Amino acid sequence: MAESIIQPDTEQMETPEGNVPAPSVQETIVREPVKEAPVERVTPPSEQVPAQVIWTPRFIIIFVLTLVLGLSAESVLVQARDNGYLAENGILLVHVVPIFFCWIAIIVRARSPWTRLGGIFGGIWAIFFGIFLIITLHRISPFSQVLLLLNTGYSIALFGGYICLSVDRTAVHRWDTWFFSIAPVFAAGFVIALFLLTAPDGRSLITVETAIIAIANILSLLVWWLRPSCWKAHPGTTFLFGTAALILLLLAIPHLNDNDTSFYLRQIMLLCILLGTMRVLQGELRRKRLDVSENGQALS
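Structural notes, computed from the coordinates. All residue numbers refer to position in the chain's written sequence, counted from 1. Whole-chain, interface and lining totals are the exception, using all residues; otherwise, since this is a predicted model, local features are given only for residues with pLDDT of at least 70 and side-chain atom pairs are given and counted only at 80 or more. The side-chain figures draw on all heavy atoms in the structure; neither hydrogens nor water molecules are used.

### Describing the packing of aromatic side chains
Think of a pair of aromatic rings as described by two things: how far the centres are apart, and how the planes are tilted against each other in angle. Rule in force here: Pairing of aromatic rings covers Phe, Tyr and the six-membered ring of Trp, with a centre-to-centre limit of 6.5 Å; geometry is then stacked below 30 degrees between planes, edge-to-face above 60, and tilted otherwise. Put simply, DSSP marks the helices as runs of H or I at least four residues long and the strands as runs of E at least two long, and each gets a number from the N terminus on. A simple rule labels every residue: compare its accessible area, found with a 1.4 Å probe on the protein chains alone, to the largest value its type can have, and call it buried under 20%, exposed over 50%, or partly exposed in between.
What the rule picks out here adds up to 14 aromatic pairs. With centroids separated by 5.7 Å and ring planes inclined at 45°, the aromatic side chains of Trp224 and Phe241 adopt a geometry described as tilted. Placement of Trp224 in helix α6 (residues 205–225) and of Phe241 in helix α8 (residues 235–251) is noted, with a sequence separation of 17 residues between them. Judged by its relative accessible area of 0%, Trp224 is buried. When the centroid spacing of 6.1 Å and the interplanar angle of 40° are considered together, the rings of Trp225 and Trp231 count as tilted. Feature note: the residues Trp103, Tyr162, Trp224 and Phe241 constitute an aromatic cluster, connected by ring pairs.

### Quick notes on the pattern of salt bridges
Heads up, the condition is: Each salt bridge in this description consists of a side-chain nitrogen of Lys or Arg and a carboxyl oxygen of Asp or Glu lying within 4 Å of one another.
The final tally for this structure, using the stated rule, is five salt bridges. Residue Asp176 pairs with Arg227 through a salt bridge whose shortest N-O separation is 2.8 Å. With Asp176 in helix α5 (residues 174–197) and Arg227 in the loop between α6 and α7 (228–233), this pair connects stretches of sequence that are 51 residues apart. Comparing Asp176 with Arg227 shows no difference in burial state: the two are buried. Linked by salt bridges that have partners in common, Asp168, Arg169, Glu284 and Arg287 make up one network.

Right, here's the structure in full:
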């Protein structure tokens, strides 16, 4: 029987030839090859679809043509009204019709619930304002209760639509939170103060409605122009809708404008709202195409 030789320094045992040591338990474990995780394909910048590309060349051309032709047509319509060919409210009513259809298109194509709700408020504004223009085609007192109710209704509807559109896809900062916290208090205080400052014999429901109309127009301007987040996220929409609200405030100042200037400003106000709705609608259509493109890339 062969004896193993143990070296004192290394404490290793040499086995004679012909004797193969038994494999250890650890050596009998078969190691499976490690599977590498699949490497995701990174889309190069040249293939990425920009998320905020709204002003495409085609839309820029349509927008500029609408602006230029609209301003040119407004002056012609003013002359037609002065010569007695067209009625003033009839001309304004023609402006409201395309705006109404733009609001309907926004409701149908909206990708965000805030935008859809803003389109609903905008449609209500167009309906109330259209009814207001149709009624005033006849000889009726401007202080009629029906006209004041319609004026109050479309002013509040426009303000509601402005709120929804201004908060959609807009970063909410501390100032935005403060603004929406202070605005209701400011509105209530303005209405109460105007009612109390009115002579006791002149206080009526008309005073309250007039105050509501004024504060709604003021907040319609401030909700766009007083919030830097709106200028950063929606500069074009902020300028157009804010300009329309500013014109409404100027028209509310008595004895400031003559009839021709007042009529022309109303036309510009409606043109600004039309361009603003076109901008909102274009943004929704671009976001829809972006979602379809991203879904197609994910499936591929």
